[in-house]
Amino acid sequence: MFYPLAGYGKRLPAKRGLGSVPRMTRPPDDGHEPDSRRPALIGLVLVLALVVAAYFLVNALRKNADLEDCLMSGRRNCAPIEVPSSR
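Criteria and thresholds
Residues numbered from 1 in each chain as written. Predicted model: local features only at pLDDT ≥ 70, side-chain atom pairs only at ≥ 80, totals over all residues. Heavy atoms only, no water. Helix = DSSP H or I, 4+ residues; strand = E, 2+ residues; numbered from the N terminus. Buried < 20%, exposed > 50% of the residue type's maximum accessible area, 1.4 Å probe, protein only. Disulfide = S-S within 2.5 Å. Patch = residues over 30% accessible without salt bridge, like charges linked within 9 Å, V, L, I, M, F, W, Y side chains within 5 Å. Areas by Shrake-Rupley, 256 points an atom, 1.4 Å probe, with all protein chains shown as cover. Salt bridge = Lys/Arg side-chain N within 4 Å of Asp/Glu carboxyl O. Expected span 1.5 Å × (residues − 1). Phe/Tyr/Trp six-rings, centres within 6.5 Å; stacked < 30°, edge-to-face > 60°.

A. Molecular detail of the overall build of the protein chain. Counting secondary structure elements, the protein chain contains 1 helix and 0 strands. For the protein chain, the residues scored as buried account for 3% of the 87 residues in total.

Rendered as structure tokens:
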């Protein structure tokens, strides 16, 4: 009978360094480096830029839709024409 988990839980023998000298281990790191916030700030700036761009795009599309609605209703004075003031 085949048991796929046979030997599960057994520990592997510890690896030994060359000869009888134990392996050198890295000393514990006492200083804790704070996590970098640069990627989060870059992401925040990117999202804000997209929101601002979307806001201006939506406003431009709304103005265009209002102008088209005015023209489709048959009116002729939809887009105001600015006339320079005469002195």
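B. Structural detail: the state of the cysteines. Within this structure, the stated rule accounts for 1 disulfide. Through a disulfide, Cys-70 is tied to Cys-78; the S-S separation comes to 1.9 Å. Across the disulfide from Cys-70 to Cys-78, rotation about the S-S bond amounts to roughly -85 degrees, and the bridge is consequently left-handed. Among the residues examined, Cys-78 registers a relative accessible area of 16% and is labelled buried.

C. Structural context of a nonpolar patch on the surface. Side chains of Leu-41, Leu-44 and Leu-48 sit close together on the surface and give an oily, nonpolar patch of about 300 Å² of accessible area. Take Leu-48: its relative accessible area is 49%, and that puts it in the partly exposed class.

D. Spatial organisation of helix H1 (residues 38-72). Taking 1.5 Å per residue as the helical rise, H1 with its 35 residues ought to reach 51 Å, and the 51 Å between its terminal C-alpha atoms agrees with that figure. Immediately beyond the C-terminal end of H1, within one or two residues, lies Gly-74, with a positive phi of roughly 95 degrees.

E. Examining the packing of aromatic side chains more closely. With the rule as written, the count across this model stands at 1 aromatic pair. Taken together, a centroid distance of 5.6 Å and an interplanar angle of 70 degrees make the contact between Tyr-55 and Phe-56 edge-to-face. Look at Phe-56 and you get exposed, because its relative accessible area is 54%.

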